[in-house]
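# Understanding the architecture of this molecule
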Amino acid sequence: MPTAYSKRQSALRQALSARKIDALVITHPPDWYYLTGFTGEAGALVVGRNKTTLITDGRFITQGKDETTGVQIIQHKSGLFSAVGEFLQQARVRHAGFDPAQLTVAQHGSLRKAAGARCALKQTSGLVLALRTNKDSLELAQMRKAAILASEVVEHAIGLLKPGVRELEIAAEIDFQMRRGGASGPAFESIVAFGKRAALPHARPTSKRLRKNELVVLDLGVILAHYCSDITRTVYVGTAPQRVREWYKAVLEAQTAAIVAVRSGVTCGEVDAAARTTLAGYRLDRYFVHSTGHGLGLEVHEDPRVARGQKARLEPGTVITIEPGVYVPGVGGIRIEDDVAVHEDRSEILTRSPRDFIEL
């Protein structure tokens, strides 16, 4: 019975055949994990018309054999890309694809030289990523678990907020709770931003201490069994002034409008526009300085981009974030983010933390 990995390899071979490519050289670890289950961090996967081969060094030979099925394992003892080129030459591959975003100029040169004049190297961007965009039922089940764990961690972190605590302390506790919950680690460096620093969308934790009457932005994600989640919550420590309440109301309405717009067949630009139009109604759209969301899966940032003017259409199995925000320099920022899966006839919010405005 075909495994999920063999089915994915078959789907990739169909895409290669349509482009008249005999083999694809894959050097991005999330891509080769998706296709084979191999979790090592060094090597190259070559998916040919009838065979899949992993070329790696001595550190990962046993691991490759243990983690994969039906994959030829070859150990290289010199340069990786020279070995890959030699393999393509020996296999008499005439047209080999590669993703230019995954190779340096020097690596391409080594591959080109070793493959020989009879092997044409063709740029083929994003073939595996395109397959990864549409998650199967097993992947979606795992992403639900990752989203739920992230939701539990952010709620735990909110419970620790009190005047005097430092951003770095909260960030450390967040990472601890992730691993305690079974995660292999954070999907990205957790964002913990107090007060004026909450106006920085990607603020890194510092030694700043929390004071009363400040906004707090918490943005975190876990990697659980290889799959990522991403959630943001904003709270206020103290009694919030009316303008902060209004800003939060606007961001929540913008996020809700964007989530409602998420359905199969809708363009990513239309989802983004739903959030921006709502914020424009509050005259806050000029404080929304990033896209509404992004794809999510084996990596925390994948296709598609949920941004202004994007024409890509959502399809069943796609998981995206919805995360509008308002950032007012010198005051603070508000962002609310959840993970949303697209199904044929509906959408599903994977994250489970309440979105109501919280004053501590």
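For the structure given in this document, a descriptive report is provided here. (Residues numbered from 1 in each chain as written. Predicted model: local features only at pLDDT ≥ 70, side-chain atom pairs only at ≥ 80, totals over all residues. Heavy atoms only, no water.)

## Remarks on the side chain of Arg 335
Mapped onto the elements, Arg 335 comes out in strand β17 (residues 332-335). For Arg 335, a relative accessible area of 2% puts it in the buried group. At 2.7 Å, the side chain of Arg 335 and the side chain of Tyr 327 are in polar contact. What Arg 335 contacts, discounting residues up to four positions off in sequence, is Ile 191, Pro 201, Val 217, Asp 219, Thr 232, Arg 233, Thr 234, His 290, Glu 323, Pro 324, Gly 325 and Tyr 327. (Helix = DSSP H or I, 4+ residues; strand = E, 2+ residues; numbered from the N terminus. Buried < 20%, exposed > 50% of the residue type's maximum accessible area, 1.4 Å probe, protein only. Polar contact = N/O pair within 3.5 Å; in protein donor to acceptor, adjacent residues only side chain to side chain. Contact = heavy atoms within 4.5 Å.)

## Side note on the sheet that holds strand β1 (residues 23-26)
If you trace the six strands from one edge of the open sheet to the other, you get β4-β3-β2-β1-β5-β6, paired in mixed fashion. Either end of the sheet is taken by a strand with one partner, and the two such strands are β4 (72-75) and β6 (120-123). In this sheet, neighbouring strand axes are inclined to one another by 25 degrees on average, regardless of whether the strands run parallel or antiparallel. Across the face of the sheet, helix α2 (residues 29-36) comes into contact with β1, β2 (44-48) and β3 (52-56) while running at roughly 50 degrees to β2. (Pairing = 2+ DSSP bridges. Axes fitted to C-alpha atoms, helices over the stretch in contact; angles between N-to-C directions.)

## Quick notes on the packing of aromatic side chains
One pass over the full model with this rule turns up four aromatic pairs. Residues Tyr 5 and Tyr 33 carry aromatic rings whose centres are separated by 6.3 Å and whose planes lie at 75 degrees to one another, so their mutual orientation is edge-to-face. Here Tyr 5 is found in helix α1 (residues 4-18), whereas its partner Tyr 33 is found in helix α2, with 28 residues between them in sequence. For Tyr 5, a relative accessible area of 26% translates into the label partly exposed. Classification of Tyr 33 by relative accessible area gives buried; the value is 13%. Seen from their ring centres, Trp 32 and Phe 38 are 5.8 Å apart, and the 40 degrees between their planes marks the pair as tilted. Judged by relative accessible area, which is 1%, Trp 32 ranks as buried. Three or more aromatic residues joined by ring pairs form one cluster here, namely Trp 32, Phe 38 and Phe 60. Sitting over the face of the ring of Tyr 34, Arg 8 holds its NZ or CZ atom 4.3 Å from the ring centroid. (Phe/Tyr/Trp six-rings, centres within 6.5 Å; stacked < 30°, edge-to-face > 60°. Lys NZ or Arg CZ within 6 Å of the ring centre and 35° of its normal.)

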